[in-house]
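Working through the structure, step by step
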Amino acid sequence: MKKPEVLIVGAGIAGPALAYWLARNGYRPTVVEQARQLRSGGSAIVVKGPAIPVAERMGILPQLRELATRNRSLSLLDPAGKPVLRLPSSGGSSTVEVTRADLSEVLHRSARGDAEFVFDDTVTALDQDEGGVDVTFRRSAPRRFDLVVGSDGMHSTTRRPVFGPERQFVRDLGLYGATVPLEPDAIDDPSELTMLTVPNRMLVVHPSRTTPLAIFTFRAAQPAPHDRKNIALHKQTVADAYADVRWRAPELVAAYLDHPAPFFDPLTTVRMPSWSRGRVVLLGDAAAATALLGDGSSMAMAGAYALAEELAAHHGDHARAFATYESRIRREVRPRQRRVGLLAGLMVPSTRAGLAVRNTMGRAVGQLHPRQPTPVPIKPA
Ligand SMILES: Cc1cc2nc3c(=O)[nH]c(=O)nc-3n(C[C@H](O)[C@H](O)[C@H](O)COP(=O)(O)OP(=O)(O)OC[C@H]3O[C@@H](n4cnc5c(N)ncnc54)[C@H](O)[C@@H]3O)c2cc1C
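The rules behind each value
- Residues numbered from 1 in each chain as written.
- Predicted model: local features only at pLDDT ≥ 70, side-chain atom pairs only at ≥ 80, totals over all residues.
- Heavy atoms only, no water.
- Helix = DSSP H or I, 4+ residues; strand = E, 2+ residues; numbered from the N terminus.
- Buried < 20%, exposed > 50% of the residue type's maximum accessible area, 1.4 Å probe, protein only.
- Polar contact = N/O pair within 3.5 Å; in protein donor to acceptor, adjacent residues only side chain to side chain.
- Contact = heavy atoms within 4.5 Å.
- Pairing = 2+ DSSP bridges.
- Axes fitted to C-alpha atoms, helices over the stretch in contact; angles between N-to-C directions.
- Near = heavy atom within 4 Å.
- Areas by Shrake-Rupley, 256 points an atom, 1.4 Å probe, with all protein chains shown as cover.

A look at the side chain of E326
Tracing the sequence through the fold places E326 in helix α10 (residues 318-347). The exposure class of E326 is buried, given its relative accessible area of 12%. A polar side-chain atom of E326 sits 2.9 Å from the main-chain amide nitrogen of W275. With sequence-adjacent residues up to four places away left out, E326 is seen in contact with P273, S274, W275 and S276.

Things to note about unusual backbone geometry
Not every positive phi belongs to a glycine, and W247 is a case in point at roughly 60 degrees. Examined against the element boundaries, W247 turns out to sit in the loop between α6 (231-241) and α7 (249-258). Under the relative-accessibility criterion, W247 is labelled partly exposed at 24%.

Digging into the sheet that holds strand β2 (residues 28-33)
The strand order across the open sheet formed by 6 strands is β7-β2-β1-β11-β18-β17, and the pairing between neighbours is mixed. The open sheet is flanked by β7 (116-119) and β17 (276-277), the only strands paired with a single partner. Sheet topology note: the strand β11 (residues 147-150)/strand β18 (residues 280-282) ladder contains 3 bridges and is parallel. The residue of β18 that forms the bridge with G150 is L282. On top of the sheet, helix α1 (residues 14-24) reaches β1 (5-9), β2, β7 and β11; it is set at about 165 degrees to β1, its chief contact.

Some words on the site of the ligand
Of all residues adjacent to the ligand, which total 26 residues, the nearest are E33, R100, T122, T157 and D285. A distance of 2.9 Å separates an oxygen atom of the ligand from a polar atom in the backbone of A14. Its free accessible area being 910 Å², the ligand has 86% of it covered by the protein chains. When residues of the shell around the ligand are traced back to their parent elements, those giving at least two are β2 and α9 (296-313). Looking at the shell around the ligand element by element, the count peaks at 3 residues for α9.

Keep in mind these numbers describe shape, not what the thing actually does.
Structural data, given as structure tokens:
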């Protein structure tokens, strides 16, 4: 019997994970990725919760543990850059922290033997009927698929023609995120994240085995227009936001301004009334992004596993499979999305009083964690 053919749009985290599981469940997956190669950006992310059994069943957990970052603690700094509190990082034996790029690479390596990957291409039109979906591509020849999965991230273009414009589903948290890679010697201690917070702005220096990262998370005085391609505007927005911040801000902003294409995006969540329409279904950030929590990759892996499992269990009844997949993963996503607004206020407080509350809470949370060393309050010198 001919294997059902599934087009997966996007080779981030969700796409390769789904390709792996679909191939094992009797499907023929093709993954199309608009970038020329796997995208390398992103800070470290924690693989945790429902993604751990998925990684175990894929046999990739040992590789991920080998690639794990060495981050052991988070040092919170006062506005002058003096450490005020050192917290153990959120690790533990049931989680593993790797860079997003390493996770994407490991997933791709696991899937590529059984799935077709097409880079430097994208979908230009989708036309579905009772029996399948006709797809046209920017470069490849048109093809018909049984199903199409949009795993093309927060700003999914698969979502637009099928479900409607992005503004209907994307909720702004009022914060911006910007990152830039740093030279390896920009880090003194590879086991420690350092985080400076002043009202409305946070600046993190994030170590990594290979490329450390500076992460800017802030509320802008003037909301920047949502023009994702305007790099000059992104640079100006970051420079303006951190103009009066001390510590390493001048040097890190300079690194941001020097980079040809640093990352910049408003922090948003994606909330959709339904994740499928006919033969097209959404997965990962395209369906339900949970900005800020760093849970997106784990949710993407869990979603990929659930979607492939439900398709296999429903023997080709894609409508029932999509519905059960959605209700399984919504249960995981919903409480996380509820926490995001609160977290945004806690992570980047807008006042000094809010900052003090956050640090007090940080101490309490650190002390409650049974397996971690207790947080160490650091006395000013
Ligand atoms: C470069 C980058 C850096 C990131 N950095 C972080 C981070 O530091 N911390 C964090 O928590 N999360 C980060 N994320 C988001 C995180 O990867 C997601 O929350 C999570 O992994 C969910 O994965 P996903 O596969 O749904 O989406 P993503 O990982 O965003 O992957 C989507 C993929 O789809 C591709 N794509 C987009 N549009 C099209 C199209 N039209 N046609 C074909 N392909 C397309 C993209 O190039 C990308 O490879 C980053 C994402 C990217 C792409």
